Amino acid sequence: MNHEKEEAGEYASPPCFAHELSHGQRGYEVSDAQTARDVARWRQAERARLIALRQAIPARDRQRHAERVAGSLDDLLSDRNNAVVSLYWPFRAELNLRHWMQSLVQQGVQVALPVVVAKAQPLEFRQWTPSATMAPGIWNIPVPVDGQALVPTHVCAPLVGYDRHGYRLGYGGGFFDRTLAWMNERQQPATVIGVGYSATRIPTIYPQSHDIPMHLIVTESEVLRIGTG
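How each quantity is defined
Residues numbered from 1 in each chain as written. Predicted model: local features only at pLDDT ≥ 70, side-chain atom pairs only at ≥ 80, totals over all residues. Heavy atoms only, no water. Helix = DSSP H or I, 4+ residues; strand = E, 2+ residues; numbered from the N terminus. Buried < 20%, exposed > 50% of the residue type's maximum accessible area, 1.4 Å probe, protein only. Contact = heavy atoms within 4.5 Å. Pairing = 2+ DSSP bridges. Axes fitted to C-alpha atoms, helices over the stretch in contact; angles between N-to-C directions. Arc of directions from axis to C-beta. pLDDT = per-residue confidence, 0-100. Lys, Arg positive; Asp, Glu negative; His and termini not counted. Salt bridge = Lys/Arg side-chain N within 4 Å of Asp/Glu carboxyl O. Polar contact = N/O pair within 3.5 Å; in protein donor to acceptor, adjacent residues only side chain to side chain. Core = buried A, V, L, I, M, F, W, Y, C linked by side-chain atoms within 4.5 Å. Phe/Tyr/Trp six-rings, centres within 6.5 Å; stacked < 30°, edge-to-face > 60°.

Undergrad: Would you mind going over the overall build of the chain in detail, with residue names and values included?
TA: Counting secondary structure elements, the chain contains five helices and 13 strands. Out of the 229 residues in the chain, the part that is buried amounts to 46%. Within the chain, contacts between residues at least 6 apart in sequence are counted, and of these 66% link residues at least 24 apart.

Undergrad: Give a description of the sheet that holds strand S12 (residues 216-218) that names residues and reports values.
TA: Pairing in this open sheet of seven strands is mixed, and the strands run S5-S4-S3-S8-S11-S12-S13 from one edge to the other. The strands lining the two open edges of the sheet, one partner per strand, are strand S5 (124-128) and strand S13 (223-225). Adjacent strand axes in the sheet meet at a mean angle of 25°, parallel and antiparallel pairs treated alike. Sheet strands in contact with helix H3 (residues 59-76) are strand S8 (154-158), strand S11 (191-195), S12 and S13, and its direction is about 145° off that of S12. Sheet contacts for helix H4 (residues 98-106): strand S3 (84-86), strand S4 (110-115) and S5; angle to S4, the most-contacted strand, approximately 135°.

Undergrad: Give me H4: which residues, what numbers.
TA: Taken together, the buried positions of H4 are occupied by Trp100, Met101 and Leu104. Along the axis of H4, the buried residues cluster in a sector spanning 105°; they form a single face. Facing away from the buried surface of H4 by more than 90 degrees, the exposed residues are His99 and Gln106. With its phi angle positive at about 90°, Gly108 sits one or two positions after the end of H4.

Undergrad: Residue-level account of the confidence of the model for the chain, with values.
TA: Per-residue confidence for the chain gives a mean pLDDT of 85; residues scoring 70 or more make up 85%. The low-confidence segment residues 1-15 (pLDDT under 50) makes 28 contacts with residues lying over four places distant or belonging to another chain.

Undergrad: Give a description of the side chain of Arg54 that names residues and reports values.
TA: Locating Arg54 in the fold gives a position in helix H2 (residues 33-55). Buried charged residue Arg54 carries no salt bridge. Nearest counter-charge: Glu94, at 4.1 Å. At 2.8 Å, the side chain of Arg54 forms a polar contact with the backbone oxygen of Arg92.

Undergrad: Which residues make up the nonpolar core, and what values do they have?
TA: One finds Leu73, Val85, Leu87, Leu97, Trp100, Leu104 and Val195 to be the most contacted residues of the largest nonpolar core, which totals 39 residues. Ranked by size, the runner-up nonpolar core spans 18 residues in total, among them Leu123, Phe175, Met183 and Ile217.

Undergrad: Before we move on, can you summarise the packing of aromatic side chains with the specific residues and values?
TA: By convention here, two paired aromatic rings are described through the distance between centres and the angle between planes. This model, assessed by the stated rule, comprises five aromatic pairs. Between Trp42 and Tyr206, the aromatic rings sit 4.9 Å apart at their centres with planes inclined by 80°, giving edge-to-face as the arrangement. Note that Trp42 is positioned in helix H2 and Tyr206 in the loop between S11 and S12, a separation of 164 residues in sequence. Relative accessible area serves as the criterion here: at 11%, Trp42 is assigned to the buried category. The exposure class assigned to Tyr206 is buried, which follows from its relative accessible area of 0%. A network of ring pairs unites the aromatic residues Phe91, Trp139 and Tyr171 as a single cluster.

Undergrad: I'd like a rundown of the pattern of salt bridges, residues and numbers included.
TA: Overall, the coordinates contain seven salt bridges when judged by the stated rule. Of the charged contacts, one joins Asp211 and Arg43 as a salt bridge, the two residues approaching to 2.7 Å between their closest N and O atoms. Here Asp211, found in the loop between S11 and S12, pairs with Arg43, found in helix H2; they are 168 residues apart in sequence, far enough to count as distant. With respect to burial, Asp211 and Arg43 carry one shared label: buried.

Undergrad: Before we move on, can you summarise unusual backbone geometry with the specific residues and values?
TA: Peptide bonds are mostly trans, and most non-glycine residues show a negative phi. Phi at Ala93 takes a positive value of approximately 70°, unusual for a residue other than glycine. Relative to the elements of secondary structure, Ala93 occurs in the loop between S3 and H4. We note that Trp139 has phi near 60°; this positive angle belongs to a residue other than glycine. Its place among the elements puts Trp139 in the loop between strand S6 (134-136) and strand S7 (142-144). Trp139 sits in the partly exposed class, given a relative accessible area of 45%.

Quick look at the structure:
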């Protein structure tokens, strides 16, 4: 990785207020309460910018990107006999991986979708099949009504943005980070894979103590390996 290019703005957004942060092993890190508030405001603005950026990608290109990402995910999933894969229902121009979801089910792989069961609580991973009864969940995203609760071996988390350290910028609810921490505490760790568009890579998300890095990031143009699950 050429860090000089990264600092020069190779990606979607250059670092701002970096002088107010400490630079550690995880990249730029928040060091005080005021900076945490500044980072929260920055994330909100960056989130809106990156969502608008991906929504501007033509539908044909988004579909092509989704096919490439599905191919990379297929290569990464080596043990289908014991895999339980959590995916997501696409929202606001996220990569549409529903065809790959169907393919996994046809191969006998258990597939789950994340369900918000209560505010500030971990997500529940509920089994999905093409014939599952669906109902609107949070943000009106469809979720399985009565699928079995599963423990995933692989969690595919949609990215609003990401950095080279594997940190994910999501929608701000904290559901995935809270859930991954809960799974690790219960000794039910999963391989966590962030999936999104390469155009939404940024130099840093300014990680805070609750942010959990992905093991891998998969986009249409790269597989970024951060660690192993």
